[in-house]
Amino acid sequence: MKQNKIYSLLGLATRSRNVVSGEFMTEKAVKGGSAFLVIVGADASDNTKKQFHNMCEFYHVPIYCFGTKEELGHAMGKEMRASLAVTDAGFSKSLIKLLEESNR
C-alpha cells in the first residue's frame, strides 16, 4: 500500500518537473546542490549503489534504495531508471516520510 503512494508521489513530482533521473542527471543534481533526495533502485548494480551512497554522504543528501529500476522508471512514465533525484523540498519531505514508513 505504502509503495503505491511512493510511486504516485514520484509520478506527481515528475510531472511537475521536480525529478531528474538517470545516473548523469542525478549526479549533476547532487553535486549542483539541487537534489533533496536520491532514490536508487534496489536492483541497481552494487557499483552504482556504492557510487551514489558515497556521493550522497559527502554532499549530505538523503539516499534510499527502493523499488526496482523498472518500477521507478514506470512511476515516472519512462524506461528503466536506476537512479533519480528529487529537486523539490516539499516532495522530498513527503517521500522520505513514506520511505521511512515502508522500511519499518
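Residues numbered from 1 in each chain as written. Predicted model: local features only at pLDDT ≥ 70, side-chain atom pairs only at ≥ 80, totals over all residues. Heavy atoms only, no water.

## A few points about the pairing of strand β4 (residues 83-86)
Neither face of β4 is exposed, since S83 and A85 on one face and L84 and V86 on the opposite face are all buried. Across four bridges, strand β2 (residues 37-40) lies against β4 in antiparallel orientation. Looking across to β4, one finds that V38 is bridged to A85. (Buried < 20%, exposed > 50% of the residue type's maximum accessible area, 1.4 Å probe, protein only. Helix = DSSP H or I, 4+ residues; strand = E, 2+ residues; numbered from the N terminus. Pairing = 2+ DSSP bridges.)

## Describing helix α3 (residues 46-59)
For α3, spanning 14 residues, the distance from its first C-alpha to its last is 20 Å, which sits close to the expected 20 Å at 1.5 Å a residue. Among the residues making up α3, those that are buried are T48, K49, F52, M55 and C56. End-on view of α3: buried residues confined to an arc of 140 degrees, all on one side of the axis. Exposed side chains of α3 directed beyond 90 degrees from the buried face belong to D46, N47, K50, E57 and F58. If you follow the buried residues of α3, they end up packed against α2 (23-32), β2, β3 (63-65) and β4. Where α3 terminates, the next one or two residues include H60, which has phi positive at roughly 55 degrees. (Expected span 1.5 Å × (residues − 1). Arc of directions from axis to C-beta. Contact = heavy atoms within 4.5 Å.)

## What to know about the packing of α2 against α3
Between α2 and α3, whose axes approach to 10 Å, the crossing angle comes to 15 degrees. Between α2 and α3, the crossing angle belongs to the class labelled roughly parallel. Once α2 is placed against α3, the crossing between them reads as left-handed. Contact with α2, carried on its side by E23, T26, E27, V30 and K31, involves T48, Q51, F52, M55, C56 and Y59 of α3 and no other residues of that element. Partitioning the contact of α2 with α3 into residue classes produces five nonpolar, three polar and three charged. (Axes fitted to C-alpha atoms, helices over the stretch in contact; angles between N-to-C directions. Parallel < 35°, antiparallel > 145°, perpendicular 65-115°, else oblique. Left-handed = near helix turned anticlockwise from the far one by under 90°. Nonpolar A, V, L, I, M, F, W, Y, C, P; charged D, E, K, R; others polar.)

## A short note on the environment of L84
Relative to the helices and strands, L84 is located in strand β4. In this structure L84 comes out as buried when scored by relative accessible area, which is 0%. Along the backbone, L84 and F24 are 60 residues apart, and their C-alpha atoms lie at a distance of 9.6 Å.

## Thoughts on the pattern of salt bridges
For the structure on display, the rule yields one salt bridge. Measuring nitrogen to oxygen at the nearest pair gives 2.8 Å for the salt bridge that ties E27 to K31. Linking E27 with K31, this pair stays in helix α2, spanning four residues, or about one helical turn. Residue K31 is classed as partly exposed on the basis of its relative accessible area of 44%. (Salt bridge = Lys/Arg side-chain N within 4 Å of Asp/Glu carboxyl O.)

## A few points about the environment of F24
Here F24 lies in helix α2. Residue F24 is classed as exposed on the basis of its relative accessible area, which comes to 62%. For the pair F24 and L10, spaced 14 residues apart in sequence, the C-alpha to C-alpha distance is 19 Å.

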